[in-house]
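Listed below are the residues making up each chain.
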Amino acid sequence: MSAEASPGYLPVEGPLTVRTVPAMLEIGRRRAAEGDLVVDFSAVEEADSAALALLLDWFRVSRAAGHRLQLPALPQGLATLAALYDIDTLLPLSEARKQ
């Protein structure tokens, strides 16, 4: 997983599962608290429900700090999982992913 990014942009790579999410938790929290953040999941190879918990946490931190969190490249499988759990409306998904 990548934590290197320019301000306002956070790329996430590789698997995003119960085993890998803990390593990303604080990175995303810190970045979401600093300002508006675009999280790029286009290089995520695998994701499970732990990834959804991570997204909800980052969204909560971002909103509490008065910032925006954007998810322009959420993998279809993760968007489908969010819909299955009926939390897709809570996430800042692009309109293309909501359809």
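Just above, that's the structure.
Here the residue numbers are simple positions, counted from 1 along each chain's written sequence. In keeping with the model being predicted, local features are shown solely for residues with a pLDDT of at least 70 and side-chain atom pairs are shown and tallied solely at 80 or more, while totals for entire chains, interfaces and linings include all residues. Just so you know, side-chain values use all the structure's heavy atoms and leave hydrogens and water out.

Asker: Before we move on, could you go through the sheet that holds strand β3 (residues 69-70) and cite the residues and values that matter?
Answerer: A strand pair is defined by DSSP finding two or more bridges across the two strands. In this description a helix means any DSSP run of H or I spanning at least four residues, a strand means any run of E spanning at least two, and both kinds are numbered starting from the N terminus. Pairing within the open sheet is parallel, and its three strands lie in the order β1-β2-β3. The sheet terminates laterally at β1 (9-16) and β3, the two strands that pair on one side only. Taken together, the two bridges between strand β2 (residues 37-47) and β3 define a ladder with parallel strand orientation. Bridging from a neighbouring strand, Val38 pairs with Gln70 of β3.

Asker: For the side chain of Ser62, give the residues involved together with the corresponding values.
Answerer: On the secondary structure map, Ser62 appears in helix α2 (residues 49-64). Partly exposed describes any residue whose relative accessible area lies between the buried limit of under 20% and the exposed limit of over 50%, with all areas from a 1.4 Å probe on protein chains only and scaled to the type maximum. Judged by its relative accessible area of 1%, Ser62 is buried. Note on contacts: a residue pair is in contact if any heavy atoms of the two residues lie within 4.5 Å. Look past the residues within four positions of Ser62 in its chain and what remains in contact with it is Ala32, His67, Arg68 and Leu69.

Asker: So what's going on with the pattern of salt bridges? Residues and values would help.
Answerer: Whenever a carboxyl oxygen of Asp or Glu lies within 4 Å of a side-chain nitrogen of Lys or Arg, that contact is scored as a salt bridge. Scanning all chains against the criterion turns up five salt bridges. Residue Arg29 pairs with Glu26 through a salt bridge whose shortest N-O separation is 2.8 Å. Highlighted residues: Arg29 and Glu26, both in helix α1 (residues 21-34), separated by three residues, approximately one helical turn. Between Arg31 and Glu34 there is a salt bridge; the shortest N-O distance is 3.9 Å. One end of the pair is Arg31 and the other is Glu34, both in helix α1 and three residues apart, which spans about a single turn. With relative accessibility at 9%, the residue Arg31 sits in the buried group. Through salt bridges with shared partners, one network takes in Glu26, Arg29, Asp57 and Arg60.

Asker: If you had to explain the environment of Thr17 to someone new, which residues and values would you point to?
Answerer: Along the polypeptide, Thr17 turns up in the loop between β1 and α1. Under the relative-accessibility criterion, Thr17 is labelled buried at 10%. Each C-alpha atom of the pair Thr17 and Asp48 lies 5.2 Å from the other, and the pair is 31 residues apart in sequence. Once residues lying within four places of it in the same chain are set aside, the contact partners of Thr17 are Glu46, Asp48 and Ala50.

Asker: Tell me what's going on with the packing of α2 against helix α3 (residues 76-84), and back it up with residues and numbers.
Answerer: Close contact between α2 and α3 brings their axes to 10 Å; oriented N to C, the two are set at 80 degrees. Of the possible angle classes, the one that applies to α2 and α3 is roughly perpendicular. In contact with Ser49, Ala51, Leu52 and Leu55 of α2, α3 contributes Leu78, Leu81 and Ala82. Note on residue categories: nonpolar means Ala, Val, Leu, Ile, Met, Phe, Trp, Tyr, Cys or Pro, charged means Asp, Glu, Lys or Arg, and polar means any other residue, Gly included. Class assignment for the residues of the contact of α2 with α3 results in six nonpolar, one polar and no charged. Lines fitted to C-alpha atoms define the axes, with helix axes restricted to the stretch in contact, and inter-axis angles between N-to-C directions lie between 0 and 180 degrees. Here roughly perpendicular refers to angles of 65 to 115 degrees, roughly parallel to angles under 35, roughly antiparallel to angles over 145, and oblique to all remaining angles.

Function-wise, these values are silent; they only describe arrangement.
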